[in-house]
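# Survey of secondary and tertiary structure
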Amino acid sequence: MMKKNVTLDEDFKIIERIVGTIKEYKPFSNNVYYLKLEQGGIFVVINRYEKFTIFKFLVNS
């Protein structure tokens, strides 16, 4: 969970601190994005609320 940022790009800057450099991101469905990373890629679900944002990563194990 993080405080709500003004733009989605700001959210991705914070996510990038966790997962490493994001080469690009593409919408997959409503609030799900595919993040292309330096090595592979992951999906992230971003739920934006009035005062905060919750995100979770979907990875294959």
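What you see is a predicted model; the values in this text were computed from it and never measured.

### Brief notes about the pairing of strand β3 (residues 32–37)
Pairing of strand β2 (residues 22–29) with β3, which is carried by six bridges, proceeds in the antiparallel orientation. Bridge pairing links Ser-29 to Val-32 in β3. Here β2 folds back onto β3, and the loop between the two strands holds two residues. With five bridges connecting them, β3 and strand β4 (residues 41–48) associate as antiparallel partners. Paired with Tyr-33 across the bridge in β4 is Val-44. Taking the residues between adjacent antiparallel strands as the criterion, β3 and β4 are bridged by three residues, where Gly-40 takes a positive phi near 90°.

### Quick word on the confidence of the model for the protein
Looking at the protein, pLDDT values average 86 and 89% of them are 70 or higher. Put simply, strand β1 (residues 2–3) is where the protein has its lowest mean pLDDT, 64, and β3 is where it has its highest, 94.

### Some points on the pattern of salt bridges
A full pass over the atoms with the stated rule returns one salt bridge. In this structure, Asp-11 engages Arg-48 in a salt bridge whose closest nitrogen and oxygen atoms are separated by 3.0 Å. Within this pair, whereas Asp-11 is found in helix α1 (residues 8–19), its partner Arg-48 is found in strand β4, the two being separated by 37 residues in sequence. Judged by relative accessible area, Asp-11 falls into the buried class, the value being 0%. The partly exposed category is assigned to Arg-48, whose relative accessible area is 33%.

### Some thoughts on the nonpolar core
With ten residues, the main nonpolar core is built from Phe-12, Ile-15, Ile-22, Tyr-33, Leu-35, Leu-37, Ile-42, Val-44, Ile-46 and Phe-55. Put simply, the parts of the chain that give this core at least two residues each are α1, β3 and β4.

Cut-offs used in this document
Residues numbered from 1 in each chain as written. Predicted model: local features only at pLDDT ≥ 70, side-chain atom pairs only at ≥ 80, totals over all residues. Heavy atoms only, no water. Pairing = 2+ DSSP bridges. Helix = DSSP H or I, 4+ residues; strand = E, 2+ residues; numbered from the N terminus. pLDDT = per-residue confidence, 0-100. Salt bridge = Lys/Arg side-chain N within 4 Å of Asp/Glu carboxyl O. Buried < 20%, exposed > 50% of the residue type's maximum accessible area, 1.4 Å probe, protein only. Core = buried A, V, L, I, M, F, W, Y, C linked by side-chain atoms within 4.5 Å.

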